[in-house]
Amino acid sequence: MDFIRLGDYNRMTVVKTVDFGVYLDGGDEGEVLLPARYVPEGCKEGDELDVFVYLDNEERLVATTLEPKARVGDFAWLEVAWVNEYGAFLDWGLMKDLFCPFREQKMKMEKGKSYIVHVHLDDESYRIVASAKVEHYFDTSLPPYQHGDEVDLLVWQKTDLGFKVIVDNRYAGLVYSNQVFKDIHAGDRLKGYIDVVREDGKIDVMLQPTGWRMTKETSDVLLDYLKANGGVCRLTDKSPAGDIYEQFQVSKKNFKKAVGDLYKRRLIIICDDCIRLNRPKPGPGRGRRRG
């Protein structure tokens, strides 16, 4: 291989087997040890393995098949395993804990407590370290989102306005209190939906694809579908959720809300096996109204 991605996953070739593990081809970095406890059964020279590479207690490259709780470039919620005179050491799922020096702590970290941190390579020492000053590591480019886009959220901290969140492991966002309908806490990972990306790049996020905006959008889509298909939709609020999603890319819950919205506005008639536009027709109507 040409180079090793420190603090990340690498595909590496076994070049030598020894009693205490196997050595992997690290390219210009030389051979990298995968200790015996992590070597897959039946592993032999020439095999390719996907391993995570970090530094051991003597700052040597070492590989593992364990899955860390974060990689270089990630934001994560990690617990302090122990503290000494140099800083805090965080449990990130590997044998060697992740170091967060005092200069990278907003407040003095305490053993047993968890904090949102950013994992990165220290420019001077080339060690993998953590920083609780996460605002220094957000992407400052204009976010590329549109209203309603689904995103991954990591809850960062509570504020007077709501909750600060980290969007797609890149951007800072805010969920307003009136968008929160369940208990959430720092460290929670959630699905969210973009409400607004402001001109200054700030992101407002919703926790549910619901509310009048989503209902109106789905109602408009359903109305357009009816007009384009002879005024008839063979899907109803009793149809399988999978069929509804395949046609309209919305959940059954949101589809039912849209149907209810159009019905209240007297724009549709709900039949046993379909939904029809409510427009004058010759002869007696075949639809049954819900009253």
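As shown above, the structure is provided for reference.
Residues numbered from 1 in each chain as written. Predicted model: local features only at pLDDT ≥ 70, side-chain atom pairs only at ≥ 80, totals over all residues. Heavy atoms only, no water.

1. Concerning the overall build of the protein chain
Along the backbone of the protein chain there are three helices and 18 strands. Taking 19 Å as the expected radius of gyration for a compact globule of 291 residues, we find that the protein chain reaches 27 Å, considerably beyond that expectation. Along the longest, intermediate and shortest principal axes, the C-alpha atoms of the protein chain span 90 × 50 × 30 Å. Here the protein chain, with 291 residues, has 43% of them falling under the buried criterion. Positive and negative side-chain charges of the protein chain, numbering 43 and 48 respectively, have mean locations separated by a distance of 14 Å. (Helix = DSSP H or I, 4+ residues; strand = E, 2+ residues; numbered from the N terminus. Rg over C-alpha atoms; globule rule 2.2 N^0.38 Å. Buried < 20%, exposed > 50% of the residue type's maximum accessible area, 1.4 Å probe, protein only. Lys, Arg positive; Asp, Glu negative; His and termini not counted. Charge placed at Lys NZ, Arg CZ, Asp CG, Glu CD.)

2. Some points on the packing of aromatic side chains
Tallying each qualifying case throughout the model produces 12 aromatic pairs. Geometrically, the ring pair formed by Phe52 and Trp92 is edge-to-face, given 5.8 Å between the ring centres and 80° between the ring planes. Of this pair, Phe52 sits in strand 4 (residues 48-55) while Trp92 is found in the loop between strand 7 (87-91) and strand 8 (98-101), placing the two residues 40 residues apart along the sequence. Here Tyr145 and Tyr171 contribute two aromatic rings whose centre-to-centre distance is 5.9 Å and whose plane-to-plane angle is 80°, an arrangement assigned as edge-to-face. Taken together, the positions of Tyr145 in the loop between strand 10 (128-131) and strand 11 (150-158) and Tyr171 in strand 13 (residues 171-176) put the pair 26 residues apart, joining distant regions of the chain. Given the relative accessible area of 14%, Tyr145 is considered buried. Three or more aromatic residues link up through ring pairs in this structure, and these residues are Tyr9, Phe52, Tyr54 and Trp92. The ring of Phe163 carries Lys158 above its face, with NZ or CZ at 5.6 Å from the centroid. Here Lys164 stacks its cationic end above the ring of Trp156, 5.1 Å away from the centre of that ring. (Phe/Tyr/Trp six-rings, centres within 6.5 Å; stacked < 30°, edge-to-face > 60°. Lys NZ or Arg CZ within 6 Å of the ring centre and 35° of its normal.)

3. Quick look at the environment of Tyr115
Following the sequence through the fold, Tyr115 ends up in strand 9 (residues 114-121). On the basis of relative accessible area, Tyr115 is assigned to the buried category, the value being 13%. Along the chain, Tyr115 and Lys202 lie 87 residues apart, while their C-alpha atoms are 23 Å from each other. Ignoring sequence-local partners within four residues, the contact set of Tyr115 consists of Ala76, Trp77, Leu78, Val80, Lys108, Met109 and Glu110. Side-chain polar atoms of Tyr115 contact the backbone nitrogen of Glu110, separated by 3.0 Å. (Contact = heavy atoms within 4.5 Å. Polar contact = N/O pair within 3.5 Å; in protein donor to acceptor, adjacent residues only side chain to side chain.)

4. Focus: the sheet that holds strand 17 (residues 268-270)
Pairing is antiparallel across the open sheet formed by three strands, whose spatial order is 16-18-17. Whereas interior strands pair on both sides, the edge strands pair on one side only; in this sheet they are strand 16 (232-233) and strand 17. As paired strands, strand 17 and strand 18 (residues 275-277) are joined by three bridges and run antiparallel to one another. Bridge pairing in strand 18 links Ile268 to Leu277. Each of strand 17 and strand 18 is contacted by helix 3 (residues 252-264), which is oriented at about 120° to strand 17, the strand it contacts most. (Pairing = 2+ DSSP bridges. Axes fitted to C-alpha atoms, helices over the stretch in contact; angles between N-to-C directions.)

5. A word on the nonpolar core
The biggest cluster of nonpolar side chains holds 35 residues, and the ones touching the most others in it are Leu24, Leu90 and Met109. Here this core takes six residues from strand 4, the largest share from any one element. Ignoring any residue separated from it by four or fewer positions in sequence, one finds Met109 in contact with Val80, Val83, Ala88, Leu90, Cys100, Tyr115, Val117 and Ala132. (Core = buried A, V, L, I, M, F, W, Y, C linked by side-chain atoms within 4.5 Å.)

6. Description of the pattern of salt bridges
Under the definition given, this model contains 19 salt bridges. Among the ionic pairs, Asp50 bridges to Arg11, the shortest N-O distance being 2.9 Å. One end of the pair, Asp50, is in strand 4; the other, Arg11, is in strand 1 (residues 8-18), with 39 residues separating them in the sequence. Taking relative accessible area as the criterion, Asp50 reaches 47% and is therefore assigned partly exposed. One salt bridge in this structure joins Lys69 and Asp91, with 3.3 Å as the shortest N-O distance. Of this pair, Lys69 sits in the loop between strand 5 (61-64) and strand 6 (75-83) while Asp91 sits in strand 7, and the two are 22 residues apart along the sequence. Residue classification places Asp91 among the partly exposed positions, given a relative accessible area of 30%. Each member of the salt-bridge network shares a partner with another, and the members are Arg11, Glu48 and Asp50. (Salt bridge = Lys/Arg side-chain N within 4 Å of Asp/Glu carboxyl O.)

7. Side note on the pairing of strand 11
Relative to strand 14 (residues 189-197), strand 11 runs antiparallel, the two being bridged by five bridges. For Leu154, the partnering residue across the bridge sits in strand 14 and is Arg189. Pairing geometry for strand 11 and strand 12 (residues 162-167), over five bridges, is antiparallel. Across the sheet, residue Gln157 finds its bridge partner in strand 12, namely Lys164. Hairpin geometry of strand 11 and strand 12 is characterised by an intervening segment of three residues between the two adjacent antiparallel strands.

8. Quick look at the sheet that holds strand 12
The strand order around the closed barrel built from five strands is 11-12-13-15-14, with neighbouring strands paired in mixed fashion. The average undirected angle you get between the axes of adjacent strands in this sheet is 55°.

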